[in-house]
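Listed below, chain by chain, are the residues.
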Amino acid sequence: MDVDDFWTFIELSRHSGPTQRERETFLGDRLGRISRRHLLDFVQHLSATREPANTYRLWRAADIIMTAPCSMDSFHYFQMWLVGLGRHAYEAAIMDPDSLAGVPEVVRLASLPQPWQNEDYPGWESLEYVACEIGELRPDIDGDIRDVVTEERHVRLRMDPNPDDVQWARLSTAEIARRYPRLWKLFGEAWTE
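Along every chain, residues carry numbers that run from 1 in the direction the sequence is written. Only residues with pLDDT of at least 70 are given local features in this predicted model, and only at 80 or more are side-chain atom pairs given and counted; all residues enter the totals for whole chains, interfaces and linings. Hydrogens and water molecules were not included; the side-chain quantities draw on all heavy atoms of the structure.

Q: Which parts of the structure should I look at to understand helix α8 (residues 127-137)?
A: When a residue's accessible area, from a 1.4 Å probe over protein chains only, is under 20% of the maximum for its type it is buried; when over 50% it is exposed; and in between it is partly exposed. Every helix listed is a DSSP run of H or I at least four residues long, and every strand listed is a run of E at least two residues long, numbered separately from the N terminus. Regarding α8, the residues found buried are L127, E128, V130, A131, C132, I134 and G135. Here a residue-residue contact requires only that any non-hydrogen atoms of the pair lie within 4.5 Å. The inward-facing, buried residues of α8 contact α2 (20-32), α3 (36-50), α5 (72-84) and α9 (145-153).

Rendered as structure tokens:
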């Protein structure tokens, strides 16, 4: 499975149903039918999507969307939600996080009353667990599939955000509003510190 195949799986899951649970069922079914090597590829590609998304620049955009500074865990789950938006939205957000203001799911969030329902929250923690659950069912996977990928492929899988672009780490509210004008227009009124 190459990176294009990975994104095809993600895109196809978008058409399987509107909820994360429906998408996870679809992905689980598909992942359960592929070879061990391709399942390991999927896990490796999913982890690799976190690297370019591991920036304070994107984290500040997540803060705006969530209308408050988000924790490390919340940003981690936001990164997986961003993957779930699809390759185009993901890549655009990496290049310009303010581009998220044009993504239909983000526009919809801005229109919903807060607090959001759990299913509306911009995070997808369980996306990472789909392949883990499939790995547990397979006799050819011994242990946590993420550990198998690390051991067999000598690849370090990112678990927690640890961005390097520290100049974006602590911005004032005014600076956040200035640097993310489109997102601020959607969510700024609800911002809390």
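Moving on, there is more to tell.
Q: Can you help me understand the layout of surface pockets in this one?
A: To find the voids left in a structure, one rolls a probe of water-molecule size over its atoms. The computed volume of the largest pocket comes to approximately 630 Å³. Definitions used throughout: a 1 Å grid over protein atoms alone; a cavity as a set of points that fits a 1.4 Å probe which cannot get out; a pocket as an open set with protein on both sides within 12 Å along at least five of seven lines; a lining residue as one with an atom within 4 Å of a point. Lining of the largest pocket is provided by 22 residues; of these, P18, Q20, W81, E119 and Y121 occupy positions nearest its centre. The greatest single-element share of the lining of the largest pocket, amounting to four residues, is contributed by α5. Following the grouping adopted for this structure description, the nonpolar residues are Ala, Val, Leu, Ile, Met, Phe, Trp, Tyr, Cys and Pro, the charged ones are Asp, Glu, Lys and Arg, and the polar ones are all others, Gly among them. The class makeup of the residues in the lining of the largest pocket is seven nonpolar, eight polar and seven charged. Grid points are joined across faces, edges and corners, and a volume is the space filled by probe spheres set on the points.

Q: What is the right way to look at the environment of G32 in this model?
A: Tracing the backbone shows G32 in helix α2. Along the primary structure G32 and E105 are separated by 73 residues, whereas in three dimensions their C-alpha atoms are 29 Å apart. Residues in contact with G32, not counting those within four places in the same chain, are I134 and R138.

Q: Please explain the confidence of the model for the chain as it appears in this structure.
A: For any part of a model where pLDDT is low, the fine detail of the predicted coordinates should not be relied upon. Within a predicted model, pLDDT stands for the predictor's per-residue confidence, ranging from 0 to 100. Residue-level pLDDT values for the chain average 92, and 99% of them are 70 or greater. The least confident element of the chain, judged by mean pLDDT, is helix α10 (residues 173-179) at 92; the most confident is helix α6 (residues 87-95) at 98.

Q: I'm lost on empty space enclosed by the protein in this one. Help?
A: One pass over the structure, following the stated rule, counts one cavity of 30 Å³ or more. Roughly 100 Å³ of volume is contained in the largest cavity. Lining the largest cavity, in full, are F42, V43, L46, S47, E128, A131, R146, L157, R158 and M159. Elements with a minimum of two residues in the lining of the largest cavity: α3 and α8. Residue contributions to the lining of the largest cavity peak at four residues, all from α3. Counted by class, the lining of the largest cavity contains six nonpolar, one polar and three charged residues.

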